[in-house]
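# Geometric and topological summary
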Amino acid sequence: MTEKISWLRRDARRARKEARASGTAPLAQRQRERLADLVAYARAQSPYYAKLYQGLPDRVDDPALLPVTDKTTLTRHFDDWVTDRDVTFSAVTAFVDDPDRIGRRFLGKYSIATTSGTSGHRGVFALDERYQNVAGALGLVAYASLGAGPIAGMLARGFRLALVGATGGHYVSFAGYTQATRESAWRRRILRAFSVHLPMPELVARLNAYRPAAVIGYASVIRLLAAEQEAGRLRIRPALVQPAGDAMTTADTERIAAAFRTAVRPIYSCTECTYLSNGCAHGWYHVNSDWAVLEPVDAEFRPTPPGQVSHTVLLTNLANRVQPFLRYNLGDSVLPRPDPCPCGNPLPAVRVHGRAGDILSFPSGRGESVALAPMVFSTLFDRIPGVELFQVEQTAPTTLRIRLLLADGTEPEQVWQRIRSEAEGLLADNGLRSVALERAEEPPRQEPGGGKYRAVVPYR
Ligand SMILES: [Zn+2]
């Protein structure tokens, strides 16, 4: 059975209200029940989880009992991971390689989303109706909790929302936008997508013309837009700005708030769980713990005490049944807040330290510099079939070295020609024809000293 949005919204509001009044037990109880249900479902319907969970007790309502999973391993077992035998890797891959099917429903019922984030590995995900309904319900609860100021401001500005992201691909935001605007005339009036692949002057001109009431988009691009607003080229007055996708520092949030003189509420989320958390006015991300479990852990996957920065974080999405994410290693380093947040939100709060976007800056030849956000590259590589992992390193001010790990059976020359033509187009659009592309023999590598892997490495 799939719960309706109206019921889900009432339930989420009730859980938060009760938690504010008398502690977090109502949230923890929902989390335990939903986890036990999802684990039972996964064991019954997913051959991969049936095998992985063989030795576990009949009922599992404590995530710490479950083994840790990750995108690379799960993707390798895709056909056994999913709980619907009609959802196969080859069918889903054919679907995502077809741009005409963006925002269409796969098998008439599932949304399909691809991602690389900034980790470089492409993920392909099926999201079911329950996922969409929970996302819709928690979105309504989050908007209602913004308070009268931002909501009144948005209404006064015609409630026009600008989505600044990657367009033309099966990304969760753009696929959702395409689906929403096709299925509803009202949404067509209040939603518009703006591509991060547009050259900055054109993106600025289009946003000036649209005059959005709210801007939601990739954090790294919104940081660049804040600089455009400071310089006076961008002249918009949104009542709300929601950066997402990359980690934000408090300084970033304050700079964006000052540039646009508005409320900034960053979103820490991922395609695997778009409703993972919402940022508050005090700079913390509050995890929607009735529908998601976020466990900060050390390198051996032991819990990190509140107040200490974790090595990584494990996600369990309690809603999506078709492709269950259970104790799934996200790779982000977070700081769990040890005490109640002064904003009054009873949900657990974290700050995110990892996944900070690295912006590449190039000399334009006219004494200025042109900045490109890392998402511009990860979304370019996402569109090219056969790329398992990529790395773009700016080895000199006007040289980009591209390292690739290709899927078995792909034709390296063909993939390279496609990458070169798309990347040259992107650079030309941004007035960067002088930037040279180098094809590396070596595969993507970690930071010197065994540090973290970064998909985009700026010149230092
Ligand atoms: Zn807070």
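Residues numbered from 1 in each chain as written. Predicted model: local features only at pLDDT ≥ 70, side-chain atom pairs only at ≥ 80, totals over all residues. Heavy atoms only, no water.

If you walk across this open sheet you meet the four strands as S8-S9-S14-S13, and the pairing is antiparallel. Single-partner strands in this sheet number two, and they are strand S8 (277–279) and strand S13 (334–336). Ignoring which end each strand starts from, the neighbouring axes of this sheet average 35 degrees apart. Relative to strand S14 (residues 349–352), S13 is paired through three bridges, and the arrangement is antiparallel. If you follow Leu335 over to S14, its bridge partner there is Arg351. (Pairing = 2+ DSSP bridges. Helix = DSSP H or I, 4+ residues; strand = E, 2+ residues; numbered from the N terminus. Axes fitted to C-alpha atoms, helices over the stretch in contact; angles between N-to-C directions.)

What follows deals with the coordination of the zinc ion. Here the zinc ion is held by Cys280 (SG), His286 (NE2), Cys341 (SG) and Cys343 (SG), and the distances to it run 2.1 to 2.3 Å. Angles of 101 to 114 degrees at the metal separate the four donor atoms of the zinc ion, which places the site in the tetrahedral class. (Donors = N, O, S within 2.8 Å, 3.2 Å for Na, K, Ca; no water. Tetrahedral: all angles 85-135°; square planar, octahedral: opposite > 155°, others 65-115°.)

For the chain, the domain assignment lists domain 1 (5–131 + 269–356), domain 2 (147–264) and domain 3 (359–457). Centre-to-centre, using C-alpha coordinates, domain 2 lies 26 Å away from domain 3. Listed as interface residues are 15 residues of domain 2 and, on the opposing side, 13 residues of domain 3. Taken as a group, Tyr171, His197 and Leu224 account for 47% of the area that domain 2 buries against domain 3, more than any other trio of residues on that side. For the interface between domain 2 and domain 3, the tally reads zero salt bridges. For the pair domain 2 and domain 3, the number of links is zero residue pairs in polar contact (both at pLDDT 80 or more). Sorting elements by how many residues they give to the side of domain 2 that touches domain 3 places helix H12 (residues 219–230) first, with four residues. (Domains from an automatic or database assignment. Contact = heavy atoms within 4.5 Å. Buried area = accessible area lost by both parts, 1.4 Å probe. Salt bridge = Lys/Arg side-chain N within 4 Å of Asp/Glu carboxyl O. Polar contact = N/O pair within 3.5 Å; in protein donor to acceptor, adjacent residues only side chain to side chain.)

Here the focus is helix H8 (residues 148–156). An α-helical turn contains 3.6 residues, so any two residues separated by three or four positions project in the same direction. Among the residues of H8, Pro150, Gly153 and Met154 are the ones counted as buried. Down the axis of H8, the buried set is contained in an arc of 100 degrees. They therefore lie on one face. Among the exposed residues of H8, those oriented more than 90 degrees off its buried face are Ala148, Leu155 and Ala156. Where H8 is buried, its residues contact helix H7 (129–144), strand S3 (161–165), strand S5 (214–218), strand S6 (240–244) and strand S7 (263–264). (Buried < 20%, exposed > 50% of the residue type's maximum accessible area, 1.4 Å probe, protein only. Arc of directions from axis to C-beta.)

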